[in-house]
Amino acid sequence: MTSSHADCHFCLQSLRGRKYALRDENAYCVPCYDSLYANPCEECKQPIECSSKDLAYKGRHWHEGCFRCAKCSRSLVEKPFAAKDEVLLCTECYSNEYSSKCFHCQKTIMPGSRKMEFKGSSWHESCFVCQYCQQPLGTKPLITKDNENYCVPCFEKQFAHHCYACKKVITSGGVAYHDQPWHKECFVCAVCNTQLSGQRFISKDEYPYCVDCFSKFHAKKCAACKKPVAALGGAKYISFEERQWHGECFSCVKCSVSLVGQEFLTRQDDILCHKCGSA
């Protein structure tokens, strides 16, 4: 600009007819201004003269022609860029060198774009979706199966076991019975509703029974004492012609000698030892 000031504030030479620069309302000839105030360029280390465009970033300065990607040397003027360890890079070079790769599509997650972090991996927001319904998962609860992510409703619909009794989803634990899943609290005796998980039980007609209820309602009765024959192993019992006896009840009706492992005779519904039967 042409000076209306009389002299340079530093060298005191006349500014009439010369270009000058103002700083703090003082006028300087161009050589004085450049020597006093011009910023050194980060790239070429030469001063950025007042006649040149000064590009600044985080307190550092570049000539317009020096403001380039440190890797591919393309100009960064009016273009997006990223900084790594004080080195300027175009977004493409930065992405190739430092950006995360999306776990799903394996493409670079560009600087400035939103990414999701899950189990140590990075995802594009658009790739982080339910495998089944394809809806974004964002920060919603999710379940992973075979490296695929599912929202909870879709996972339950596709993979979760449903209780055979109440038909609701079994989220943890559970009991397998007749190849069907049950909640522990739903796996109960068909008669008294006592929980059977971890207990001894007996199956009949696809229903589970506690030992007491099975013995009371379904166990065969001893032909001698009429009490139920034990349903589970432990007490021995004898079976003959569709009748059962406790081991201690299987004895001769006349002399009461035990017939367990012995020959015996029958007379109508009675059992007799060989001696009493032959008398």
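Residues numbered from 1 in each chain as written. Predicted model: local features only at pLDDT ≥ 70, side-chain atom pairs only at ≥ 80, totals over all residues. Heavy atoms only, no water.

### A short note on the UniProt feature "domain: LIM zinc-binding" (unreviewed entry) in the protein chain
Argument step 1. Sequence positions flagged by UniProt for "domain: LIM zinc-binding" (unreviewed entry) are, in local numbering, residues 39-99, 100-161 and 220-279.
Argument step 2. Secondary structure content for residues 39-99 is 13% helix and 26% strand, and the end C-alpha separation is 32 Å. (UniProt positions renumbered as here; feature names shortened; annotations may be inferred. Helix = DSSP H or I, 4+ residues; strand = E, 2+ residues; numbered from the N terminus.)

### A look at the environment of histidine 274
Argument step 1. Counting through the fold element by element, histidine 274 comes out in helix α5 (residues 274-278).
Argument step 2. Counting along the chain gives 22 residues from histidine 274 to cysteine 252, while the straight-line C-alpha distance between them is 9.0 Å.
Argument step 3. Histidine 274 has contacts with Glu263 and Leu265, leaving out every residue within four places of it along the chain. (Contact = heavy atoms within 4.5 Å.)

### Side note on the layout of surface pockets
Argument step 1. Reported here for the largest pocket is a volume of approximately 190 Å³.
Argument step 2. Lining the largest pocket we find Glu42, Glu43, Arg60, Trp62, Cys66, Arg68, Cys69, Ala70, Ser73, Glu86, Val87 and Leu88.
Argument step 3. The residue inventory of the lining of the largest pocket, partitioned by class, reads six nonpolar, one polar and five charged. (1 Å grid on protein atoms, 1.4 Å probe; cavity = no way out; pocket = protein on both sides within 12 Å on 5 of 7 lines; lining within 4 Å. Points joined across faces, edges and corners; volume = space filled by probe spheres on them. Nonpolar A, V, L, I, M, F, W, Y, C, P; charged D, E, K, R; others polar.)

### Focus on the pairing of strand β17 (residues 264-267)
Argument step 1. Strand direction decides the pairing type here: β17 and strand β18 (residues 270-273), joined by four bridges, are antiparallel. Within β18, the residue paired with phenylalanine 264 across the bridge is cysteine 273.
Argument step 2. What sits between β17 and β18 in their antiparallel hairpin is a turn of two residues, with glutamine 268 showing a positive phi close to 55°. (Pairing = 2+ DSSP bridges.)

### Structural notes on helix α1 (residues 30-37)
Argument step 1. Residues of α1 that are buried include every one of Cys32, Tyr33 and Asp34, and no others.
Argument step 2. Looking at the buried positions of α1, the neighbouring elements they touch are β1 (20-23) and β2 (26-29). (Buried < 20%, exposed > 50% of the residue type's maximum accessible area, 1.4 Å probe, protein only.)

### Some remarks on unusual backbone geometry
Argument step 1. Positive phi, close to 65°, is recorded for glutamine 106, a residue that is not glycine.
Argument step 2. Within the secondary structure layout, glutamine 106 lies in the loop between α2 (91-98) and β7 (115-118).
Argument step 3. Residue glutamine 106 is classed as exposed on the basis of its relative accessible area of 51%.
Argument step 4. Located in the positive-phi region is asparagine 193, a residue other than glycine, with phi close to 65°.
Argument step 5. Relative to the assigned elements, asparagine 193 resides in the loop between β12 (180-182) and β13 (201-204).
Argument step 6. Looking at asparagine 193, the relative accessible area reads 55%, which means it is exposed.

### Details of the environment of valine 260
Argument step 1. Relative to the helices and strands, valine 260 resides in the loop between β16 (243-246) and β17.
Argument step 2. Under the relative-accessibility criterion, valine 260 is labelled partly exposed at 41%.
Argument step 3. Sequence spacing of valine 260 and cysteine 249 is eleven residues, and the spatial spacing of their C-alpha atoms is 9.3 Å.
Argument step 4. Setting aside anything within four residues of it in sequence, one finds valine 260 in contact with Ile238, Gly247 and Phe250.

### Focus on the nonpolar core
Argument step 1. One finds Phe67, Cys69 and Leu76 to be the most contacted residues of the largest nonpolar core, which totals 15 residues.
Argument step 2. At the level of elements, β6 (87-90) and α2 are the ones that each hand at least two residues to this core.
Argument step 3. Among the elements that take part in this core, β6 stands out by supplying three residues, more than any other.
Argument step 4. Discounting residues that sit within four places of it in the chain, leucine 76 has contacts with Phe67, Arg68, Cys69, Phe81, Leu88, Leu89 and Cys90. (Core = buried A, V, L, I, M, F, W, Y, C linked by side-chain atoms within 4.5 Å.)

### Observations regarding the pattern of salt bridges
Argument step 1. Counted under the stated rule, the structure contains five salt bridges.
Argument step 2. Across the salt bridge formed by glutamate 43 and arginine 68, the nearest N and O atoms sit 3.8 Å from each other. Here the residue glutamate 43 occupies a position in the loop between α1 and β3 (54-57), and arginine 68 occupies one in the loop between β4 (60-63) and β5 (81-84), the gap between them amounting to 25 residues.
Argument step 3. Arginine 74 is the salt-bridge partner of glutamate 92, the closest N and O atoms lying 3.3 Å from each other. A residue pair is termed long-range when its members are at least 10 positions apart, and glutamate 92 in helix α2 and arginine 74 in the loop between β4 and β5 qualify at 18 residues.
Argument step 4. Classification of glutamate 92 as partly exposed rests on a relative accessible area of 44%.
Argument step 5. The exposure class assigned to arginine 74 is partly exposed, which follows from its relative accessible area of 40%. (Salt bridge = Lys/Arg side-chain N within 4 Å of Asp/Glu carboxyl O.)

### Notes on the confidence of the model for the protein chain
Argument step 1. The share of residues in the protein chain with pLDDT of 70 or more is 94%, and the mean pLDDT across the chain is 83.
Argument step 2. Across the protein chain, the secondary-structure element scoring lowest on mean pLDDT is helix α4 (residues 211-217), at 76, and the one scoring highest is β4, at 94. (pLDDT = per-residue confidence, 0-100.)

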